[in-house]
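Here's the letter readout for the chains.
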Amino acid sequence: MLDGIFTGLSTAVMPFNLLMVVVGCFAGTFIGMLPGLGPISAVALMIPITYGLDPSSGIILMAGVYYGAVFGGSTSSILINAPGCASTVVTAFDGYPLAQQNQAGKALALAAYSSFTGGTVGALALLFAAPALAKVSLSFQSTDYFALMILGLTAVAAFSGKGQVLKALLMTVFGLMIATVGTDTTSGATRFTFGSIDLIDGVSFLLLAMATFALTEVVMTVLKGEHREEEEQVDMSKLGSMKLSREEIKEVAPTIGRSSVFGFLVGVLPGAGATIASFLAYGLERNLASAKEKLKFGKGSLRGLAAPESANNAASTGSFVPLLTLGIPGSGTTAIMLGALIAYGIQPGPRLFLDHPDVFWSVIISMYFGNLVLLILNLPLIPYISKLLVIPRPILIPMILFFSITGVYLVSFNTFDIQMMVVITVIAIFLKLLEFPMAPMLLGYILGGLMETNLSRALVISDGSLAFLWERPLTLAIISIAVIVLVVPPLLDLVRNRNRTRGPEVAVNEGEG
């Protein structure tokens, strides 16, 4: 192992490979900032360029583009509420409110520090634990994945305000319903397509995210009226300080540490990816927060911004574990990278670090350099990137519309998707006016497909019996955690309410005595 690490280090520090890290990070960050493109599009754009490079340099370049795009995607989420990619949707929940509170500089700086920490923790864990973690990811079966998705759905309370749990549950069900549109992956039958060929592939997540966040926000801004728009414009021009106080650092440090480790572990599981990691980390952090701190989530909480940013970068690194050690892509982006490796004549799998140690270890070591480059590139640019907020609304709104619509169109090259996006935007505006939260719908949509696929497989294995929920210790443990997460918070609220009502009664009795 030590010989392999030294081989990888000597390959990664070659001037040309270091240049590939810088180029990849810069290109990825820029592409990630554009709403709709995201890491899959960014890596796909690099494939023709990598054909002329040796395998190590080519994969290092694509890896740099990958985590650069995830890193850059947070910028548009924070500044204009238009997520650059799926894994930065959660960043908008607290990042955008911070920007509206004249703290755009602080939000972007915190996102940069959180991303760097998450990526670094992921790179170090990948360096020392990749072979062992490959065995862990192999031990997960469809029953365990189903239980994990159930645990993910319990995070729905994290995306609902006080007294809005029922609305959040309804929106989760709505998201699960949207996930069933299209072709059933198990039987191949089409469902809820209403005879339309355009719906055979289902509804795109990017389409859903852009419609419910970017376009809805644009329309809501227009509906607010011109006089309020002018007031907001004056406030928004104050970009705020980039510095975090000592108290704020103490507040977010444990969150960043927890979310980095958690995000990496989720990323290791094939098919989970950075998007699920960011949603689950946000839900976990809110559940751990005090009652007072919970009220800040969704309104500009620093912990609410740090958690998904740490988790999605750590998960991006973690997704290389199943790719490099098992030959199984952990996400859509690593699936493209798998194709690139095979095109080089390299078969990812258990023998990769023996047959091609230069490729295996150099990619892992370059990830640390990449995160360092991203931090150095992005921190000095924050004051200039933040100027995006000063652009007059009459110019900014058409820009957001253009990038949102173009981003969705470039995924499928189908005008039906644009029409669908408009319909979903109208529905989202109506629901938002009724104060229904949008995030639970996206959570339900993301987990819906994975839940259904793994439930089908689990039922086949157990001959249609639900006994699979308790037969495997790992499945039972995850289901038990999900039940605890779901039941304990309401019980604690009930106890607190009883104590509050008893307090005045005791005081009255003492007064009478």
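Please read these numbers as outputs of a predicted model, since none were measured by experiment. (Residues numbered from 1 in each chain as written. Predicted model: local features only at pLDDT ≥ 70, side-chain atom pairs only at ≥ 80, totals over all residues. Heavy atoms only, no water.)

Participant: Explain a nonpolar patch on the surface to me, please; I cannot follow it from the model alone.
Facilitator: Nonpolar side chains collect at one region of the surface, where Val 483, Leu 486, Val 487, Leu 491 and Leu 494 lie side by side and expose about 440 Å² of accessible area between them. Within the fold, Leu 486 resides in helix H23 (residues 473-512). (Patch = residues over 30% accessible without salt bridge, like charges linked within 9 Å, V, L, I, M, F, W, Y side chains within 5 Å. Areas by Shrake-Rupley, 256 points an atom, 1.4 Å probe, with all protein chains shown as cover. Salt bridge = Lys/Arg side-chain N within 4 Å of Asp/Glu carboxyl O. Helix = DSSP H or I, 4+ residues; strand = E, 2+ residues; numbered from the N terminus.)

Participant: Hey, could you run me through the packing of helix H4 (residues 55-80) against helix H14 (residues 302-318) in this one?
Facilitator: Axis angle and axis distance: for two packed helices, these are the angle between their axes and the distance between the axes, and together they describe the pair. Where H4 contacts H14, the two axes come as close as 9 Å, and the packing angle between them is 160°. As the angle between them shows, H4 and H14 are arranged roughly antiparallel. Our pair here, H4 against H14, has a crossing hand that is right-handed. Contact with H4, carried on its side by Tyr 66, Tyr 67, Val 70, Phe 71, Ser 74 and Ile 78, involves Leu 305, Glu 309, Asn 312, Asn 313 and Ser 316 of H14 and no other residues of that element. Along the lines of polarity and charge, the residues of the contact of H4 with H14 split into six nonpolar, four polar and one charged. (Axes fitted to C-alpha atoms, helices over the stretch in contact; angles between N-to-C directions. Parallel < 35°, antiparallel > 145°, perpendicular 65-115°, else oblique. Left-handed = near helix turned anticlockwise from the far one by under 90°. Contact = heavy atoms within 4.5 Å. Nonpolar A, V, L, I, M, F, W, Y, C, P; charged D, E, K, R; others polar.)

Participant: What should I look at first to understand H4 in this one?
Facilitator: Each α-helix turn comprises 3.6 residues. Residues three or four places apart therefore point the same way. The end-to-end C-alpha distance of H4 is 38 Å, a good match for the 38 Å that 26 residues give at a rise of 1.5 Å each. Within H4, 25 of the 26 residues are buried, which leaves it mostly tucked inside the rest of the structure. The backbone nitrogen of Ser 56 lies 3.2 Å from a side-chain oxygen of the residue at the head of H4, namely Asp 54. Positioned one or two residues after H4, Asn 81 has a phi angle of 60°, which is positive. (Expected span 1.5 Å × (residues − 1). Buried < 20%, exposed > 50% of the residue type's maximum accessible area, 1.4 Å probe, protein only. Polar contact = N/O pair within 3.5 Å; in protein donor to acceptor, adjacent residues only side chain to side chain.)

Participant: Whenever I open this one, the pattern of salt bridges confuses me. Can you help?
Facilitator: Close approach of charged atoms allows side chains of opposite charge to pair. Across all of its chains, the model carries five salt bridges by this definition. Residues Glu 452 and Arg 191 are paired through a salt bridge, measuring 2.4 Å at the closest nitrogen-oxygen approach. You can see Glu 452 sitting in helix H21 (residues 439-461) and its partner Arg 191 sitting in strand E2 (residues 190-191), a full 261 residues away along the chain. Among the salt bridges present, the one from Glu 285 reaches Arg 258, with a minimum N-O distance of 2.6 Å. Taken together, the residues span a long stretch of sequence, with Glu 285 in helix H12 (residues 273-288) and Arg 258 in helix H11 (residues 246-268) at a distance of 27 residues. Take Glu 285: its relative accessible area is 0%, and that puts it in the buried class. Overall, Arg 258 belongs to the partly exposed group, its relative accessible area being 34%. Members of the salt-bridge network, linked through shared partners, are Arg 258, Glu 285 and Arg 303.

Participant: Which parts of the structure should I look at to understand empty space enclosed by the protein?
Facilitator: Space left empty within the atom packing is revealed by a probe, the size of a water molecule, rolled over the atoms. Summed over the entire model, instances satisfying the criterion amount to three cavities of 30 Å³ or more. Around the largest cavity, the lining is made up of 13 residues, and of these Phe 71, Ser 74, Thr 75, Leu 108 and Asn 378 lie nearest the centre. Elements with a contribution of two residues or more to the lining of the largest cavity: H4, helix H6 (104-139) and helix H18 (357-385). Residue composition of the lining of the largest cavity, by class: six nonpolar, six polar and one charged. (1 Å grid on protein atoms, 1.4 Å probe; cavity = no way out; pocket = protein on both sides within 12 Å on 5 of 7 lines; lining within 4 Å. Points joined across faces, edges and corners; volume = space filled by probe spheres on them.)

Participant: Would you explain unusual backbone geometry in this entry?
Facilitator: Backbone geometry at Asn 102 places phi at a positive 65°, although glycine is not the residue there. Positionally, Asn 102 belongs in the loop between helix H5 (91-100) and H6. Asn 102 sits in the partly exposed class, given a relative accessible area of 24%. Phi at Phe 192 is positive, roughly 55°, even though this residue is not glycine. For Phe 192, the position within the fold is in the loop between E2 and helix H9 (205-224).

Participant: Would you take a moment to explain the packing of aromatic side chains for this structure?
Facilitator: Both the distance between ring centres and the angle between the ring planes are used here to describe each pair of aromatic rings. The tally for this structure, following the rule as stated, stands at four aromatic pairs. Ring centres of Tyr 282 and Phe 297 lie 5.5 Å apart, and the angle between their planes is 75°; this geometry places the pair in the edge-to-face category. Here Tyr 282 is found in helix H12, whereas its partner Phe 297 is found in the loop between helix H13 (291-294) and H14, with 15 residues between them in sequence. Judged by its relative accessible area of 1%, Tyr 282 falls in the buried class. The exposure class assigned to Phe 297 is buried, which follows from its relative accessible area of 8%. An aromatic cluster is defined as three or more aromatic residues linked by ring pairs; in this entry it consists of Phe 93, Phe 279, Tyr 282 and Phe 297. Its end group placed over the ring of Phe 436, Lys 167 keeps NZ or CZ at 5.2 Å from the ring centre. (Phe/Tyr/Trp six-rings, centres within 6.5 Å; stacked < 30°, edge-to-face > 60°. Lys NZ or Arg CZ within 6 Å of the ring centre and 35° of its normal.)

Participant: What is the right way to look at the environment of Leu 9 in this model?
Facilitator: With respect to the secondary-structure elements, Leu 9 resides in helix H1 (residues 2-12). According to the relative accessible area criterion, Leu 9 is partly exposed, its value standing at 34%. For the pair Leu 9 and Ser 366, spaced 357 residues apart in sequence, the C-alpha separation works out to 8.2 Å. If sequence neighbours within four positions are ignored, Leu 9 has contacts with Ile 365 and Phe 369.

Participant: Just checking my understanding: could you explain the side chain of Asp 417 for this structure?
Facilitator: Along the chain, Asp 417 falls in helix H20 (residues 415-433). One buried charge, Asp 417, has no salt-bridge partner; the nearest side chain with opposite charge is Arg 191, at 17 Å. Residue contacts for Asp 417: discarding those within four places in its chain leaves Leu 207, Val 408 and Ser 412. (Lys, Arg positive; Asp, Glu negative; His and termini not counted.)

Participant: Could you clarify how one ought to interpret the confidence of the model for the protein in this entry?
Facilitator: Keep in mind that low pLDDT regions are not for reading the predicted coordinates in detail. On average, residues of the protein score 77 in pLDDT, and 83% of them are at 70 or above. Counting interchain partners and residues more than four positions distant, the pLDDT-below-50 stretch residues 226-237 has 16 contacts. (pLDDT = per-residue confidence, 0-100.)

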